[in-house]
Amino acid sequence: MSHYLTVAGSTRPDSANARLLASLSYLTTTRLEPAHTLRRLPLFAPDLDVHPAPAVVAEWRQQWRDATAVILSTPAYLDNLPGTLKNGFDWLSSTGEARDKPVLACTFCPHAPRGEHAMLSLLWTLKALDARVVAQLPLFQRDISFLENGDIEDGDDRALLVEALHLLP
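A short tour of the structure in this document, coming up. Everything numeric in this text was worked out from a predicted model, so none of it was measured.

Observations regarding the overall build of the protein chain
Secondary structure assignment for the protein chain yields 5 helices and 5 strands. Sequence-ordered secondary structure for the protein chain, helices as α and strands as β, is β-α-β-α-β-α-β-α-β-α. A compact globule built from 169 residues would reach a C-alpha radius of gyration of about 15 Å, and the protein chain, at 15 Å, matches this within 12%. Buried residues in the protein chain amount to 49% of all 169 residues. Once local pairs closer than 6 in sequence are excluded, the contacts in the protein chain between residues at least 24 apart make up 79%. Of the roughly 8,600 Å² of accessible surface on the protein chain, a fraction of 53% belongs to carbon and sulfur atoms.

Observations concerning the pairing of strand β5 (residues 132-140)
Within a regular strand, the side chains alternate between the two sheet faces. Two elements, strand β4 (residues 102-109) and β5, share 8 bridges in a ladder whose sense is parallel. Looking across to β5, one finds that V103 is bridged to V133. Following the chain from β4 across helix α4 (residues 116-128) to the adjacent parallel β5, one finds a crossover that is right-handed.

A word on α4
Look at α4: 19 Å from first C-alpha to last across 13 residues, which is about the 18 Å you get at 1.5 Å a residue. Buried within α4 we find A118, M119, S121, L122, L123, T125 and L126. The elements touched by buried residues of α4 are β3 (69-74), α3 (83-92), β4 and β5. Of the residues one or two after α4, D130 is the one with positive phi, at around 65°.

Some thoughts on the environment of L27
You can see L27 is positioned in the loop between α1 (16-23) and β2 (31-34). Overall, L27 belongs to the buried group, its relative accessible area being 11%.

Criteria and thresholds
Residues numbered from 1 in each chain as written. Predicted model: local features only at pLDDT ≥ 70, side-chain atom pairs only at ≥ 80, totals over all residues. Heavy atoms only, no water. Helix = DSSP H or I, 4+ residues; strand = E, 2+ residues; numbered from the N terminus. Rg over C-alpha atoms; globule rule 2.2 N^0.38 Å. Buried < 20%, exposed > 50% of the residue type's maximum accessible area, 1.4 Å probe, protein only. Contact = heavy atoms within 4.5 Å. Areas by Shrake-Rupley, 256 points an atom, 1.4 Å probe, with all protein chains shown as cover. Pairing = 2+ DSSP bridges. Right-handed = clockwise from strand over helix to strand, strands pointing away. Expected span 1.5 Å × (residues − 1).

Put into structure tokens, the structure is as follows:
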């Protein structure tokens, strides 16, 4: 059964990025699986990248392998990707789970121009992993309103998200 893995760059369960990803359940009928493993991953070091991999690393890699597509949403930390997200990508670098994987890449920051450099870093990293980026969306918290039920209020950004989700298999 097809499903999308959703990965929030912020590891806070109540973060704006986690909320954005959760709201996508109102915009698609495809099942969404949140990646809860990111914050539990050990710091990547080549000498730790052995077989068998640590259990949480194996779980992270399996989530990527099993997903039909991946939806990433990240804030910008110091004008770049959060370290935990980069660390997660490092754990995928030697085993190829992202290769040819369709990815919707989003930055979700308070306002422009925040997120511009984080998006570039995200795209460079996904290219290095040979992922297939189907769309890149710079989104801003000041432009998106969430309804009480968690859905996104009608508007241009909601329509943009719907169209981007249609690009995923």
